[in-house]
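# Descriptive analysis of the structure
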Amino acid sequence: MVGIGVIGYGYWGPNLVRNFCDIPGVNVHWVCDLRTERLARLRLRYPAVDITDDFNQVLSDPRVDAVAIATPVSTHFKLAMLALRAGKSVFVEKPITATAEQAERLIEEADRRGLVVAVDHTFIHTGAVKKLRDIIKNDLGEVYYYDSVRVNLGLFQHDVSVMWDLAVHDLSIMDFVLGARPRAVSASGMAHVDGEPENIAYLNLHFDCKLMAHVHVNWLAPVKVRRTLIGGSNKMVVYDDLEPSEKIKVYDSGITLDPMGPKASERRNQMRIGYRAGDMLAPQLDVTEALGSELSEFVACVENGTQPSADGAAGLRVVRILEAATKSMANHGALVELSQDLVLA
């Protein structure tokens, strides 16, 4: 049996507890939260789970093999480091830490102790994103662009900007599906509430190849939109996470370049652009709950000493991009180069 402690029972913690309890061979021994009224609600539903507002009680229990941390971003590093030093593997809500330096230290500590660090990049475990990766790898051809809109009205966060809250989803998806790492980032954003982080932001990611990526995130939109367009030399894809059944649509559409004569390469103005509009395919997707699959993978990694799909390194790559984008935003959209090890990872 793998023993689990869940730290934080606010917005995401109940989902963690529910899914852990559904995994065979897992015991949720503890749930910890500073707000005891939340724990009172938990006791009614899970009477066998111990509750506490003292994190040290969880760490000192030898039955606990791993902890799942669902607390504000500013607390991730401290709690995860204490858990690792107590010999517990950690599963951390996104983003993994508030800085890249903190993520690097967690990875080093886990490696030194032979423990697992996983970050909650839930979307890469959805059937839609897994299918998206297969399509990009096998059918799209050369990828031209990734263009995403992720907007809604709220929920305003007080400790992180909309970029660190919403754009992290697209950055983790791109890290999983594109097979290419960005070399630079530019970003712009605005805070419309005095004293609060930015509530609207636009990110542009630059690559060594002809691929370009753009992400628009917003807490002030009148409607909720979760739509991504990905174009390639062979086909194009629309990924709409709010679609109830056909989340992925693959279009056999694109352009063709027809030269006008044998020396057309010397006379580019005579190149004729043709348009191809073929069939649309909506592939069948795995509908297994992503969080359940993600936590099952994490438990298996704790048991076997293997690495999860979204390991500490994946979390670090995303945080490095977010840090660079934050720096760019503070400098009115100036281009910020990413470190070479990120490009080559």
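Data block above holds the structure.
Attention in this report is confined to the structure presented alongside it. (Residues numbered from 1 in each chain as written. Predicted model: local features only at pLDDT ≥ 70, side-chain atom pairs only at ≥ 80, totals over all residues. Heavy atoms only, no water.)

We now examine the nonpolar core. Core analysis: the largest hydrophobic core is formed by 78 residues, its most contacted members being M163, L178 and I248. Ranked by residues supplied to this core, first place goes to helix α7 (residues 162-177) with 11 residues. Here L178 is in contact with I136, V143, Y146, F207 and L211, once residues within four sequence places are set aside. Residues V17, I23, V26 and Y46 belong to the second largest nonpolar core, which totals 26 residues. (Core = buried A, V, L, I, M, F, W, Y, C linked by side-chain atoms within 4.5 Å. Buried < 20%, exposed > 50% of the residue type's maximum accessible area, 1.4 Å probe, protein only. Helix = DSSP H or I, 4+ residues; strand = E, 2+ residues; numbered from the N terminus. Contact = heavy atoms within 4.5 Å.)

Close contact between α7 and helix α9 (residues 312-330) brings their axes to 10 Å; oriented N to C, the two are set at 130°. In this view, α7 runs oblique relative to α9, as classed from their interaxial angle. For the pair α7 and α9, the crossing hand works out as right-handed. Contacts from M163, W164, V168, L171, S172 and D175 of α7 reach α9 at A314, R317, V318, V319, I321, L322, E323, A325, T326 and M329. (Axes fitted to C-alpha atoms, helices over the stretch in contact; angles between N-to-C directions. Parallel < 35°, antiparallel > 145°, perpendicular 65-115°, else oblique. Left-handed = near helix turned anticlockwise from the far one by under 90°.)

On the surface, a nonpolar cluster with roughly 340 Å² of combined accessible area is contributed by L153, F156, V193 and L220. Given the relative accessible area of 37%, V193 is considered partly exposed. (Patch = residues over 30% accessible without salt bridge, like charges linked within 9 Å, V, L, I, M, F, W, Y side chains within 5 Å. Areas by Shrake-Rupley, 256 points an atom, 1.4 Å probe, with all protein chains shown as cover. Salt bridge = Lys/Arg side-chain N within 4 Å of Asp/Glu carboxyl O.)

Moving on, we come to the pattern of salt bridges. Oppositely charged side chains are able to pair whenever their charged atoms sit close together. The final tally for this structure, using the stated rule, is 18 salt bridges. Note that R38 is salt-bridged to D33, the shortest N-O span being 3.3 Å. Between R150 and D170 there is a salt bridge, with the nearest N and O atoms lying 2.9 Å from each other. You can see R150 sitting in strand β7 (residues 143-153) and its partner D170 sitting in helix α7, a full 20 residues away along the chain. Under the relative-accessibility criterion, D170 is labelled buried at 0%.

By secondary structure assignment, the location of S161 is in the loop between β7 and α7. In contact with S161, other than residues within four places in its own chain, are P197, E198 and W219.

What follows is about the environment of V64. Tracing the sequence through the fold places V64 in the loop between α3 (55-59) and β4 (66-69). Relative accessible area serves as the criterion here: at 2%, V64 is assigned to the buried category. Taking C-alpha positions, V64 is 20 Å from R112, a pair spaced 48 residues apart along the chain. When residues no more than four places from it in sequence are discounted, the contact partners of V64 are G3, I4, G5, H29, W30, V58 and K88.

Where a strand is regular, its side chains alternate between the two sheet faces. A large share of strand β1 (residues 2-7) lies buried, amounting to six of its six residues. Here β1 shows no split at all, with V2, I4 and V6 on one side and G3, G5 and I7 on the other all buried. As paired elements, β1 and strand β2 (residues 26-32) share six bridges and run parallel to each other. Bridged to I7 within β2 is C32. Following the backbone out of β1, through helix α1 (residues 13-21) and into the adjacent parallel β2, one traces a crossover that is right-handed. (Pairing = 2+ DSSP bridges. Right-handed = clockwise from strand over helix to strand, strands pointing away.)

Summed over all chains, the structure comprises three aromatic pairs. Aromatic side chains Y11 and W12 sit 6.2 Å apart centroid to centroid with 25° between the ring planes, which places their arrangement in the stacked category. The interplanar angle of 55° and the centroid separation of 5.5 Å between the aromatic rings of F91 and F298 together place this pair among those described as tilted. Placement of F91 in strand β5 (residues 89-93) and of F298 in helix α8 (residues 290-304) is noted, with a sequence separation of 207 residues between them. By the burial criterion, F91 is buried, and F298 matches it. Lying over the aromatic face of F123, R150 brings its terminal NZ or CZ to 5.1 Å of the ring centre. (Phe/Tyr/Trp six-rings, centres within 6.5 Å; stacked < 30°, edge-to-face > 60°. Lys NZ or Arg CZ within 6 Å of the ring centre and 35° of its normal.)

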